[in-house]
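# Results of the structural survey
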Amino acid sequence: MTENLHDNHAYVRENLARIEEQIQAACAAAGRRREEVTLMAVTKTVDAARINAALAAGVTHIGENRVQEFLEKRDALQLDGVQAHLIGHLQTNKVRRIVGEVDMIQSIDSERLAQAVSRAAAETERGHCDVLVEVNIGNEDSKSGVPVAELEPLLEKIANFPGLRVRGLMAIPPILHTEAEKRAVFEQMYKLFVDIRGKNVDNITMEILSMGMSMDYVEAIREGSTMVRIGSAIFGKREYH
Ligand SMILES: *Cc1c(COP(=O)(O)O)cnc(C)c1O
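Below: a short report on this structure. (Residues numbered from 1 in each chain as written. Predicted model: local features only at pLDDT ≥ 70, side-chain atom pairs only at ≥ 80, totals over all residues. Heavy atoms only, no water.)

## What to know about the site of the ligand
- The environment of the ligand is formed by Val42, Lys44, Asn65, Ile87, Ile172, Met213, Ser214, Arg229, Ile230, Gly231, Ser232 and Arg238.
- Within the side chain of Lys44, one N or O atom sits 2.7 Å away from an oxygen atom of the ligand.
- A distance of 2.5 Å is found between an oxygen atom of the ligand and a side-chain nitrogen or oxygen belonging to Ser214.
- Considered on its own, the ligand offers 390 Å² of accessible surface; in the complex 90% of this is hidden by protein. (Near = heavy atom within 4 Å. Polar contact = N/O pair within 3.5 Å; in protein donor to acceptor, adjacent residues only side chain to side chain. Areas by Shrake-Rupley, 256 points an atom, 1.4 Å probe, with all protein chains shown as cover.)

## Considering the side chain of Asn52
- Relative to the elements of secondary structure, Asn52 occurs in helix H2 (residues 48-56).
- Taking relative accessible area as the criterion, Asn52 reaches 13% and is therefore assigned buried.
- For Asn52, the side chain forms a polar contact with the main-chain oxygen of Ala76, separated by 2.8 Å.
- What Asn52 contacts, discounting residues up to four positions off in sequence, is Ala76, Leu77 and Gln78. (Helix = DSSP H or I, 4+ residues; strand = E, 2+ residues; numbered from the N terminus. Buried < 20%, exposed > 50% of the residue type's maximum accessible area, 1.4 Å probe, protein only. Contact = heavy atoms within 4.5 Å.)

## Considerations on the pairing of strand E2 (residues 61-64)
- The two faces of E2 match: His61 and Gly63 on one face and Ile62 and Glu64 on the other face are all buried.
- Since strand E1 (residues 38-42) and E2 lie parallel, the crossover through H2 that links them has a hand, and here it is right-handed.
- Here four bridges tie E2 to strand E3 (residues 83-86), and the two strands are oriented parallel to one another. In the strand pairing of E3, Gly63 is matched with His85. (Right-handed = clockwise from strand over helix to strand, strands pointing away. Pairing = 2+ DSSP bridges.)

## What to know about the nonpolar core
- One finds Ile105, Val117, Val133 and Leu169 to be the most contacted residues of the largest nonpolar core, which totals 72 residues.
- In contact with Ile105, other than residues within four places in its own chain, are Leu86, Leu90, Ile98, Val99, Val117, Cys129, Asp130, Val131 and Leu132.
- Counting eight residues, the second largest nonpolar core, distinct from the first, contains Met40, Val42, Met170 and Ile208. (Core = buried A, V, L, I, M, F, W, Y, C linked by side-chain atoms within 4.5 Å.)

## Details of unusual backbone geometry
- Non-glycine residue Thr45 carries a positive phi angle of around 65 degrees.
- Position of Thr45 among the secondary structure elements: in the loop between E1 and H2.
- The class for Thr45 is partly exposed, based on a relative accessible area of 27%.
- Residue Asn200 is not a glycine yet carries a positive backbone phi of 45 degrees.
- Along the chain, the position of Asn200 falls in the loop between helix H7 (179-198) and strand E8 (204-210).
- The class of Asn200 is exposed, set by a relative accessible area of 62%.

Purely geometric numbers; function is a separate question.
Next up, the structure:
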């Protein structure tokens, strides 16, 4: 498939415009302000030209799944003023390569990983690393993330790890079909978020609730998401090589 820059720009710009309308409508329907919701463009498998088209159209946050892929692509990206987050599963042996290179890691799902990020963060210039804890909201065996029942004990354990700044939660829900099912799961996630926020655990803040993807971001915003992670609705169907 050959695509020139103009096609990339027009295609991505139109998708972003449509998504922006939907985000605004969902915020209005939920009585929320538009500024409460951040749009993240998920760029896994997307080439640099197409990502740059999204950045030129005003995208301020990108999310990548794999350490290697991000490090290979980023020099070709116009990342001035843009936040890059790691959102995919992170293996402890890759932690040193990514801490200090991204603005946030959204996929903390074990004490061991939190420990490794804490240690690596201490060695960076910044001295800290912002993270979200990933919750396996459907308690599915196949998914990464912390089971709901283990979330609070984990947060209490990692809260005082030096350099680790827990800023909220991230969730990938099970595949859901009806609007009611989607909203019920997001509602459960929001309640968990508010509940933990209310406990004021020292050294952790609950500002970011990262949930909602191409197929369900409207429902996620209706239920309190503060960051939606959207890939295919912006860039088209992913092609894995
Ligand atoms: C791929 C991915 C997304 C985006 O998925 P789409 O359905 O393409 O919007 C969001 N979050 C994570 C963690 C992902 O891996």
